[in-house]
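Chains, contacts and geometry: an overview
Given next are the chains, with one letter for each unit.
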Amino acid sequence: PEKTLVPVTAALITGPQGVLLQRRPSKGLLAGLWQPLLWEGEALSAGEVLARLEELGLGCAGAEALPEAKHIFSHIEWQMQGYLFAADTQPAPAGCVWASPEQLAAEYTLPGAFKAYKKLLAAAL
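Anyway, here's the lowdown on the structure attached to this text. (Residues numbered from 1 in each chain as written. Predicted model: local features only at pLDDT ≥ 70, side-chain atom pairs only at ≥ 80, totals over all residues. Heavy atoms only, no water.)

Thoughts on the overall build of the protein chain
- For the protein chain, the helix and strand inventory stands at 3 helices and 8 strands.
- Helices and strands appear in the protein chain in the N-to-C order β-β-β-β-α-β-β-β-β-α-α.
- In summary, the protein chain has a C-alpha radius of gyration of 14 Å against a globular reference of 14 Å for 125 residues, a match within 12%.
- Along the first, second and third principal axes, the C-alpha set of the protein chain runs to 45 × 30 × 25 Å.
- A burial count over the protein chain gives 43% of its 125 residues as buried.
- Taken as a whole, the protein chain presents about 6600 Å² of accessible surface, with 54% of it coming from carbon and sulfur.
- For the protein chain, the centre of its 9 positive side-chain charges and the centre of its 12 negative side-chain charges are spaced 12 Å apart. (Helix = DSSP H or I, 4+ residues; strand = E, 2+ residues; numbered from the N terminus. Rg over C-alpha atoms; globule rule 2.2 N^0.38 Å. Buried < 20%, exposed > 50% of the residue type's maximum accessible area, 1.4 Å probe, protein only. Areas by Shrake-Rupley, 256 points an atom, 1.4 Å probe, with all protein chains shown as cover. Lys, Arg positive; Asp, Glu negative; His and termini not counted. Charge placed at Lys NZ, Arg CZ, Asp CG, Glu CD.)

Examining the pattern of salt bridges
- With the rule as written, the count across this model stands at 2 salt bridges.
- Ionic pairing is found between Arg24 and Glu40, a salt bridge with its closest N-O pair at 2.8 Å. With Arg24 in the loop between β2 (18–23) and β3 (34–35) and Glu40 in strand β4 (residues 37–40), this pair connects stretches of sequence that are 16 residues apart.
- Taking relative accessible area as the criterion, Glu40 reaches 37% and is therefore assigned partly exposed. (Salt bridge = Lys/Arg side-chain N within 4 Å of Asp/Glu carboxyl O.)

Observations concerning the packing of aromatic side chains
- Going through the model one piece at a time under the given rule, you end up with 4 aromatic pairs.
- Pairing Trp34 with Tyr108 gives two aromatic rings, centres 4.9 Å apart and planes at 85°, and the pair type is edge-to-face. Taken together, the residues Trp34 in strand β3 and Tyr108 in the loop between α2 (101–106) and α3 (115–124) connect sequence positions 74 residues apart. As far as the burial class goes, Trp34 and Tyr108 line up, both buried.
- An aromatic cluster of at least three residues, connected via ring pairs, comprises Phe73, Trp78 and Phe114. (Phe/Tyr/Trp six-rings, centres within 6.5 Å; stacked < 30°, edge-to-face > 60°.)

Considering the nonpolar core
- Counting residues in each nonpolar core, the largest one holds 25 residues, and the members touching the most others are Leu12, Leu21, Trp78, Met80, Phe114 and Tyr117.
- Excluding anything up to four places from it in sequence, Phe114 contacts Gln35, Pro36, Leu38, Trp78 and Met80.
- Formed by 15 residues, the second largest nonpolar core is a distinct cluster that contains Ala11, Leu44, Val49 and Tyr83. (Core = buried A, V, L, I, M, F, W, Y, C linked by side-chain atoms within 4.5 Å. Contact = heavy atoms within 4.5 Å.)

Focus on unusual backbone geometry
- The phi angle at Leu30 is positive, at roughly 55°, despite the residue not being glycine.
- By relative accessible area, which is 19% here, Leu30 ends up buried.
- Phi at Ala63 is positive, roughly 55°, even though this residue is not glycine.
- Here Ala63 shows up in strand β5 (residues 60–65).
- For Ala63, a relative accessible area of 27% translates into the label partly exposed.

So, the state of the cysteines
- Inspection of the entire model under this criterion finds 0 disulfides.
- With no disulfide of its own, Cys60 lies 11 Å from the sulfur of Cys96, the closest cysteine sulfur.
- Residue Cys60 is classed as buried on the basis of its relative accessible area, which comes to 16%. (Disulfide = S-S within 2.5 Å.)

Put into structure tokens, the structure is as follows:
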């Protein structure tokens with residue numbers, strides 16, 4: 001069957017507290033798992049992502065464009081673009097946590113859909 005192509009924008013945010021992760025909804029694709037901040041169905045520019053982060057109360061800098069990636073599920077294909085941001089020490093927005101490198105490896109492991117960005121995250125921490 002034909003796969004639905006879905007644009008996805010990811011924000012990988014690192015800082016002194018670790019990496020910022022959000023929990024996916026309890027139902028649907030990758031239910032309840034942790035991920036970088038993500039906007040499904042939207043291909044956003046670095047400036048648009050930065051504006052959305054500010055709306056969440058996050059002060060970030062950097063906006064380094066990451067390589068495009070894709071992940072194929074049984075019925076959809078995520079076409080991902082990502083940006084790497086740096087943040088100072090600040091509280092995590094609602095639904096998010098700051099994960100240390102140790103927690104990222106043990107407690108908050110990312111789904112395989114983010115394989116392309118896992119090494120980049122580890123290197124940024």
